[in-house]
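# Commentary on secondary and tertiary structure
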Amino acid sequence: PPPLLVRQMESARRSERFRVERDVLDELKLEEVTQRKSYADIHSSLTLQHKDFHMRRLPVLYWLPKYSVWDYGMPDLISGISVGIMHLPQGMAYALLASLPPVFGLYSSLYPALVYFFFGTSRHVSIGTFTVLSIMVGSVTERLAPDVDFQKANGTNITAEVDVTARDSYRVQVAAATTVLGGLIQVLLGVVKFGFVGTYLSEPLVRAYTTAAAAHAVVAQLKYIFGVSPTRFSGPLSLVYTLKDVCSSLPNTHLPTLLVSVVTIVLLIAAKELNSFLSSKLPVPIPVELITIVAGTLISSYAHLNTNYTISVVGEIPSGLSSPSVPDVNLFGEVIGDAFALAIVGYAITISLGKTFALKHGYKVDSNQELVALGLSNTVGGFFQCFSVCSSMSRSLIQDTTGVKTQMAGVASSLIVLVIILKLGTLFQELPKAVLSAVVFVNLKGMFKQYYDIITLWRSSKIDLVVWLVTWVSTLLLNLDLGLAASVTFAVFTVIFRTQLPTYSVLGNIPGTELYVDIEMHREARGIPGVTIFRSSATVYFANADLYLEALKEKVCKNDIKDTSIDGTVIVEDEQGGTERENGTVFVIPTTPRTPDGRWEYLKGGDPDCTSLGWMSELQDGDTTTLGSSSEDTLSQDLERMSLGSLGKWTWDIHSIILDLSTANFIDTVAIKTMKNIFQDFSEIDVDVYMAGCQASVVEQLEHGDFFSEKITKRRLFASVHDAVLHCLNHRGRIRPVPPPNLMRKNVVFFL
C-alpha cells in the first residue's frame, strides 16, 4: 500500500492501543477506588460495631456525653441526697441482718452504687443493701461462723463469753467471699446471654419467698428487741429451733432494751403513717428513719444508756475507707450454693424493678447488661468487704418520686454515704442496736402485707396459690437457700404438669369469618361437614404425645357421631340381632335393649371409650363377653388387636382432619413419630390429615426428623386453618362414603 496509507494505519493502531491502555487504566483506577471505598466501608462498619459493643458493655459512654446539667442536674442532685440519707439507717440496720458490724452496711451502700453508675442501664433503681439479701448473707455468716466457735478459753475452761472481734472479722471474710462468688456467677450468666434466668422466678414465687424471708428477718431481730441471747441454728428447721429458743429465753428479757424497742416501733409506725397521709402535699418524704436514728443516738449518748442500763449499742465505727483485699477462695466451695441463690434472687429483684420503671418512663432496660452490671457491683464490692446488694424498692421509689433523670443520682447518693463514713460515722457509736432492729421491723410491714396474696390468688389462680404456699412453707422450713431450690423445682413441675394436661378442642368456623374457635365454648361456631379441626392448647412433646393421640381419637370419634346423629347417639340394629365384622370393625348388636333408658348401643372396635357399652352383649353363637373384663375370648382378642382403622363405622362421615399446630413452638422426635402414626393410621380408613399454622422452626424440626416422605409431603402443610379447610372442601368436598354391601340391609335408628 502507499506510504501515506501505511502511516495512517500505524497511527490508527497506536491510537487504538492507547485507547485500550487508557480504558484498562481507568478500569484499574475505578477498581482501586471501589476497593478503597469498600475497605473504608468495612472499616467504618467495624468501627461502628466496635463502638456499639463498647456502648452496650459500658452504657455510661452513651448517655454521659449527652448529659445536660441544666436539665438533669438539679433533679438528680435532689434524688441523690434523698436516697443518700436513707442509706445511713438502712445500711446500718441491714448489716445487723447480715450479722456484720454496721459500718460494712455503709460500705455496701457506697462501692456497688458507683460501679453500677458505669455499667447499669436503669435510671431509677437504687443499688445497695436490701432486706432479703441481707438475711440470706446472715444465714451464711452464722452457719460458717457461729458464736460457739469463738468462745474465749480461760485456761482449760471455755467461758460463755464470745470473742466478738475475731468472730466479726471471720464473718466479714465469709460475706465477702460469698459476695464475690455470687457476683462472678452473675457476670458469667450475663456474658453468655442468660438474662432470661430471672423469668423462672414467677411473681407469686418471688412474693412468697420475700414474705417468708421477712419472717426469718423478724426472728433474727428478736434477740435485739428483747435483749436476749438465744442460740442461733442453721440448716433445715433452723427457724423453728431459733424461735423456740427465743421463746424459752423470754423470762430473761432485758426490760430497758424492750422499752426502747417498743417506743421506737410505735413512733416509727406513727411517723410513717403520717408521712403517707401527707405524701401528696410534700415534695420529698420526711426522712423518718434518719430522724429516729439521730434522736436515738442523742438520747443514748446523753442518758448513757449503755453504761447505766446495759443497753447494747453499735460500738466503735472506724472512720475512713478500708483497703481492698482478696477474699478467701478456700471458702468458695462452702458457699457456692448460697452464692448462686443470692445471684438469682438479687437479679430477679433488680430486673423486675428496672423493667417496671422503664415501662413507666418509656426507655429500655437490657436484661443481660443488668446481670453484668449487678455482678460487677457485687464482685468489686466484695473486694472492699461489702456484702451482696441489689435494688431496693423503698429507695427506688424515693428516686422516682423526686424526679430522678439519670444514673448520676447514684453518684450523688454515694457522695453522701462517703461523707458519713469519713466524717460522721463515729457520731453514731452510741446508737442502740434495738433502734436499728426497730427500723428493720417496721420496714418489713410492706412484705407482711403480701399475705393478702393468698386471697387474691384463691380467686384468680389456684395453681399460683399452690406455688405461693409451697414456696412460703419450704422457705420457712428449709431455710432460704434450700427453700429457693425447692420452690423453683416445684414451680417448674407445675408447668410440666399443665403441659401434660392441656385442653384439647375441636374447632368450628364462625359464619362469615375466617375465625375458627372451640365448638363447645362458642355456640355460634359451626362444624365443617366432613372435616375435623383438632387443636391442643400446649405444644406436643414427649411428655404429652400419647395423650395427644388419645385425645385426637376421642374427639374425632365424638365429632363423627355428633355429625351423623340427632342427639349424638347412633344405633345400628340388625333385624335378627347379632355380630358383624367388616374390615376389622366389630359391631355388637344385642337382641334386646340393655341400657337403663332402653336405647340400643353401638360399639366401635378401635376405641371402646367412645361408647357407653358396659353391659353384657349377647352374641350369635351364644358366647358372652363384658367390655373391659379380663375375658380371653375371641372378641376380646380381636378388640385388643384393633388398629386405628377400626375407628370408622360403616358410614365414616369425615374425610379430612386438620391438626392446628399454631400453639406449638417446638416438636421433638417422640412427637414427630406420633404425627407419623396419625398420618399413617388415618390413611388406612381413607381420611386425609393436614397440618396448619406451623411455625418455621417447627417445620425445620420436622425436616430434620425425617417426617416428610413420598406419602407425607409438604403439600399437607398450610399457613392457616382456613387455607386447609378450603383445600379439603375443594379436594374431597361433601362426599359421604357408601356403606358396604353386606351392611346395606341394616337399619339406622335415631332416638331423640
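Every value quoted in this text rests on a predicted model; they were computed, and no experiment measured them.

### Considering the overall build of the chain
Regarding its fold elements, the chain presents 24 helices and 16 strands. Considering only contacts in the chain between residues 6 or more positions apart, those separated by 24 or more positions represent 79%. As displayed, the chain offers around 37,700 Å² of accessible surface, 61% of which is attributable to carbon and sulfur atoms.

### Considerations on the confidence of the model for the chain
Confidence along the chain averages 80 in pLDDT terms, with 80% of residues attaining 70 or more. Here residues 735-752 is modelled with pLDDT under 50, and outside its nearest four sequence neighbours on either side it reaches 37 contacts, counting other chains as well.

### Section: the UniProt feature "transmembrane region" (unreviewed entry) in the chain
In the numbering adopted here, UniProt assigns the feature "transmembrane region" (unreviewed entry) to residues 94-119, 174-196, 253-270, 282-303, 339-359, 371-394, 406-422 and 472-497. Taken end to end, residues 174-196 comprises 78% helix and 0% strand; its first and last C-alpha atoms sit 29 Å apart. Across residues 253-270, the secondary structure splits into 89% helix and 0% strand, with the terminal C-alpha atoms separated by 25 Å.

### Concerning the pattern of salt bridges
Opposite charge on two side chains makes pairing possible when the charged atoms of those side chains draw close. Within the structure shown, the criterion is met by 13 salt bridges. Note that E550 is salt-bridged to K553, the shortest N-O span being 3.7 Å. Of this pair, E550 and K553 are both found in helix 20 (residues 545-563), three residues apart, which corresponds to roughly one turn of the helix. Owing to a relative accessible area of 42%, E550 belongs among the partly exposed residues under this scheme. Where salt bridges share partners, they join D147, R167, D168 and R171 into one cluster.

### So, the pairing of strand 14 (residues 688-692)
Among the five residues of strand 14, five are classified as buried, and the element is accordingly described as predominantly covered. Burial along strand 14 is two-sided: the face carrying D688, Y690 and A692 and the face carrying V689 and M691 are both buried. Sheet topology places strand 13 (residues 656-660) next to strand 14; five bridges connect them, and they run parallel. The partner of S656 across the bridge, within strand 14, is D688. Both strand 14 and strand 15 (residues 717-718) contribute to a ladder of two bridges, which runs parallel.

### Let's talk about helix 3 (residues 69-97)
Where helix 3 bends most, the angle comes to about 30°, and this point is H87, followed within four residues by the proline P89. Positive phi shows up at S99, right after helix 3, with a value of about 60°.

### Quick notes on the sheet that holds strand 6 (residues 516-518)
If you walk across this open sheet you meet the six strands as 6-5-7-13-14-15, and the pairing is mixed. Edge positions in the sheet fall to strand 6 and strand 15, since each of these pairs with one other strand and no more. Relative to strand 13, strand 7 (residues 531-536) is paired through five bridges, and the arrangement is parallel. Across the sheet, F534 pairs through a bridge with L659, a residue of strand 13. The strands that helix 22 (residues 669-683) touches are strand 13 and strand 14; relative to strand 14, the one it contacts most, it runs at about 145°.

### A few points about the packing of aromatic side chains
The relation between two aromatic rings is expressed through the spacing of the ring centres and the mutual angle of the planes. Counted according to the given criterion, the structure contains 17 aromatic pairs. Ring centres 6.0 Å apart and planes at 80° place the aromatic pair Y451 and W472 in the edge-to-face group. Remark: W472 occurs in helix 19 (residues 462-500) and Y451 occurs in the loop between helix 17 (445-448) and helix 18 (453-460); sequence separation between them is 21 residues. Since its relative accessible area comes to 24%, W472 is described here as partly exposed. Among the aromatic side chains, those forming a connected cluster through ring pairs are W63, Y67, Y72, F117 and F118. Lying across the ring of W458, K462 places its NZ or CZ 4.6 Å from the centre. Directly above the ring of F708 sits K714, whose terminal nitrogen or CZ lies 5.7 Å from the centroid.

### Observations concerning the environment of I135
Mapping I135 onto the fold places it in helix 5 (residues 131-144). Note: C-alpha distance between I135 and L480 (345 residues apart in sequence) is 8.5 Å. Setting aside chain neighbours within four positions, we find I135 in contact with L97, A213, H216, A217 and L480.

### Brief notes about the pairing of strand 13
Counting buried positions over the five residues of strand 13 gives five, a clear majority of the element. Going residue by residue along strand 13, you find S656, I658 and D660 tucked away on one face and I657 and L659 tucked away on the opposite face as well. With helix 22 bridging strand 13 and the parallel strand 14, this β-α-β connection has right-handed handedness.

Conventions and cut-offs
- Residues numbered from 1 in each chain as written.
- Predicted model: local features only at pLDDT ≥ 70, side-chain atom pairs only at ≥ 80, totals over all residues.
- Heavy atoms only, no water.
- Helix = DSSP H or I, 4+ residues; strand = E, 2+ residues; numbered from the N terminus.
- Contact = heavy atoms within 4.5 Å.
- Areas by Shrake-Rupley, 256 points an atom, 1.4 Å probe, with all protein chains shown as cover.
- pLDDT = per-residue confidence, 0-100.
- UniProt positions renumbered as here; feature names shortened; annotations may be inferred.
- Salt bridge = Lys/Arg side-chain N within 4 Å of Asp/Glu carboxyl O.
- Buried < 20%, exposed > 50% of the residue type's maximum accessible area, 1.4 Å probe, protein only.
- Pairing = 2+ DSSP bridges.
- Bend = angle between axes of the 7 residues up to and from the residue.
- Axes fitted to C-alpha atoms, helices over the stretch in contact; angles between N-to-C directions.
- Phe/Tyr/Trp six-rings, centres within 6.5 Å; stacked < 30°, edge-to-face > 60°.
- Lys NZ or Arg CZ within 6 Å of the ring centre and 35° of its normal.
- Right-handed = clockwise from strand over helix to strand, strands pointing away.

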